[in-house]
Amino acid sequence: FDANLKMEGSSGMRRADCRGKGGAPGFKVAILGAAGGIGQPLAMLMKMNPLVSVLHLYGVSNIPGVTADISHMDTGAVVRGFLGQPQLDNALTGMDLVIILASVPRKPGMTRDDLFTMNAGIIKTLCEGIARCCPKAIVNLISNPVNSTVPIAAEVFKKAGTYDPKRLLGVTMLDVVRANTFVAEVLGVDPREVDVPVVGGHAGVTILPLLSQVKPPCSFSQEETENLTARIQNGGIEVAVAKDGTGSATLSMAYAALKFADACLRGLRGDAGIVECSFVASQVTELPFFATKVRLGRNGAEEIYQLGPLNEYERAGLEKAKGELAGSIQKGISFMSK
Ligand code: NAD
Ligand code: LMR
């Protein structure tokens, strides 16, 4: 169903036509899993984003209500809802950016990897749809375990002959957002002034904040370094425990997802100097995927930055991160070779 067209009739069509003929420039964005804990606030934030002209909300439940609700916001984007797998192709056709959230979130006591069995098949099906309907779209993959779902997506796209490593971006922005916040707390400054590179992956020890490279330059005691690193690595658990079994991070993730999607859209628009951390196909280490800073452009992750100088603590962390990442990446690849 289409909330705008259904309710507005021909005036809805006029809006869409107008946009195509030199109206406000904008991109077409689909959110898959849009009625969930992250999906709802993210849908609201994307509806407020002036770079978005069309917003497709896809999911397997509660989509009509969320779409009707969001569509009443008096911002530019036209919102359409798509419910259930028979509508997946319509949700994806023509999209510039697809944000994948669809899945099951973890509960306290579970690792992100415990979600693999439930989420691997969901990601496979959705990525097959992307390969069919919008093979050139930039994909922001948020569903956990990111360290394995990104390799699954890559294998799906390879199988379909549509794989472009630059366009497949695992979202690790929440780790950066948390790192900026926690470091700012320790330094007693505004988090908006802080930039912490977080590399590796998105689970436990694979989340490696490079505290020696914080901007503006600063230094930490060994105790501060260890406490900050542990808090950033366990940020997901901190939220899941506080939510007491009702879910994992949703609001901070919606914020982080908006921040990352907006950076991708500005890159697509051709803005210069858009640099964010992301888990991508990479030659920075011996692993096939790794999160580092990347430069976002018209084709996605157009440049992948090296790690830069690491101190001894970070070099030890890097070895641990690579050890765990290797297994998680292989798990994703193996799932697709069955
Ligand atoms: P949620 O359960 O609240 O929402 C997930 C949504 O996906 C639900 O609406 C559900 O109906 C839908 N869904 C399930 N199967 C589907 C399918 N086959 N097709 C389409 N939709 C389907 O979960 P959430 O809290 O929004 O989290 C979503 C995912 O994001 C989880 O995997 C979570 O672990 C992950 N996450 C990642 C990060 C990150 O930093 N990358 C941060 C937070 C959460
Ligand atoms: C997070 O970092 O909050 C997410 O990956 C969700 C989780 O399971 O921790």
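Residues numbered from 1 in each chain as written. Chains lettered and ligands numbered in written order. Predicted model: local features only at pLDDT ≥ 70, side-chain atom pairs only at ≥ 80, totals over all residues.

For clarity, the threshold we go by: UniProt positions are given in the numbering used here, feature names are shortened, and annotations may be inferred rather than shown by experiment.
The name recorded for the protein chain in an unreviewed UniProt entry is Malate dehydrogenase, from Rubus argutus. In its Subunit (unreviewed entry) section, the UniProt record describing the protein chain reads: "Homodimer." Recorded in UniProt for the protein chain, the comment headed Catalytic activity (unreviewed entry) runs: "(S)-malate + NAD(+) = oxaloacetate + NADH + H(+)".

Some details on the UniProt feature "binding site: substrate" (unreviewed entry) in the protein chain
Let me state the cut-off plainly: Secondary structure elements follow DSSP: runs of H or I of four or more residues count as helices, runs of E of two or more count as strands, with numbering from the N terminus. Each residue is classified by how many other C-beta atoms fall within 10 Å of its C-beta atom, where C-beta atoms are placed from the backbone; a count of 20 or more means buried, 12 or fewer means exposed, and values in between mean partly exposed. Two residues qualify as being in contact provided that their C-beta atoms, derived from the backbone, are within 7 Å of each other.
With numbering matched to this structure, UniProt assigns "binding site: substrate" (unreviewed entry) to Arg106, Arg112, Asn144 and Arg178. Locating arginine 106 in the fold gives a position in the loop between strand S4 (97-100) and helix H6 (116-133). Overall, arginine 106 belongs to the buried group, with 21 C-beta atoms counted inside 10 Å. When near neighbours in sequence (up to four residues on either side) are disregarded, arginine 106 contacts Arg112, Asp114, Leu115, Asn144, Ala240 and Ser248. Its location among the elements puts arginine 178 in helix H8 (residues 173-187). For arginine 178, the residues in contact, after removing those within four places along its chain, are Ile232 and Gly235.

What about the site of ligand 2?
To keep things clear, this is the line we draw: Proximity of a residue to a molecule or strand is defined by its backbone-placed C-beta atom lying within 6 Å of that partner. Each residue receives one of three labels: charged for Asp, Glu, Lys and Arg, nonpolar for Ala, Val, Leu, Ile, Met, Phe, Trp, Tyr, Cys and Pro, and polar for the others, Gly being one of them.
Taken together, the residues surrounding ligand 2 are Arg106, Arg112, Asn144, Leu174, Gly235, Gly236, Val239, Ala240, Ser248 and Ala249. For the shell around ligand 2, the leading source of residues is helix H10 (residues 235-242), giving four residues. Broken down by class, the residue content of the shell around ligand 2 amounts to four nonpolar, four polar and two charged.

What about helix H4 (residues 63-71)?
Stated precisely, the cut-off is as follows: Our arc is simply the arc of the directions from the helix axis toward the C-beta atoms.
Within H4 the residues assigned to the buried category are Ile63, Val66, Thr67, Ile70 and Ser71. Buried residues of H4, seen end-on, are gathered within an arc of 125° and therefore sit on one face of the element.

Thoughts on the site of ligand 1
The immediate surroundings of ligand 1 are formed by 31 residues, with Gly33, Gly36, Gly37, Ala102 and Asn144 found nearest. Considering only residue class, the shell around ligand 1 consists of 16 nonpolar, 14 polar and one charged.

Quick look at the nonpolar core
Quick note on the threshold: By definition, a nonpolar core groups buried Ala, Val, Leu, Ile, Met, Phe, Trp, Tyr and Cys residues that connect through C-beta atoms lying within 7 Å of each other.
Core analysis: the largest hydrophobic core is formed by 101 residues, its most contacted members being Ile31, Val98 and Ala257. Broken down by element, this core gets its largest block of residues, nine residues, from helix H11 (residues 251-269). With residues up to four places along the chain from it excluded, the contact list for isoleucine 31 reads Gly39, Leu42, Ala43, Met46, Leu57, Tyr58, Ile99 and Leu101.

A short note on the UniProt feature "binding site: NAD(+)" (unreviewed entry) in the protein chain
The UniProt feature table records "binding site: NAD(+)" (unreviewed entry) at Gly33, Ala34, Ala35, Gly36, Gly37, Ile38, Gly39, Asn119, Ile142, Ser143, Asn144 and Met253. Following the sequence through the fold, glycine 33 ends up in the loop between strand S1 (27-32) and helix H3 (39-47). Setting aside chain neighbours within four positions, we find glycine 33 in contact with Gly39, Gly59, Ile100, Leu101, Ala102 and Ser103. With respect to the element layout, serine 143 can be found in the loop between strand S5 (138-141) and helix H7 (146-160). Dropping the residues within four chain positions of it, serine 143 is found in contact with Ile100, Leu101, Ala102, Ser103, Asn119, Ile123 and Thr149.

A look at H10
Three or more residues of H10 are buried, namely Gly235, Gly236 and Ala240. Buried residues in H10, looked at end-on, bunch into an arc of 130°, giving them a common side. Lining the buried residues of H10 we find H8 and helix H9 (222-233). Once H10 ends, the next one or two residues include aspartate 244, with phi positive near 55°.

Focus on the environment of glycine 121
Tracing the chain through its elements places glycine 121 in helix H6. Look at glycine 121 and you get exposed, because 12 C-beta atoms sit within 10 Å. Sequence separation between glycine 121 and threonine 206 is 85 residues; the distance between their C-alpha atoms is 23 Å.

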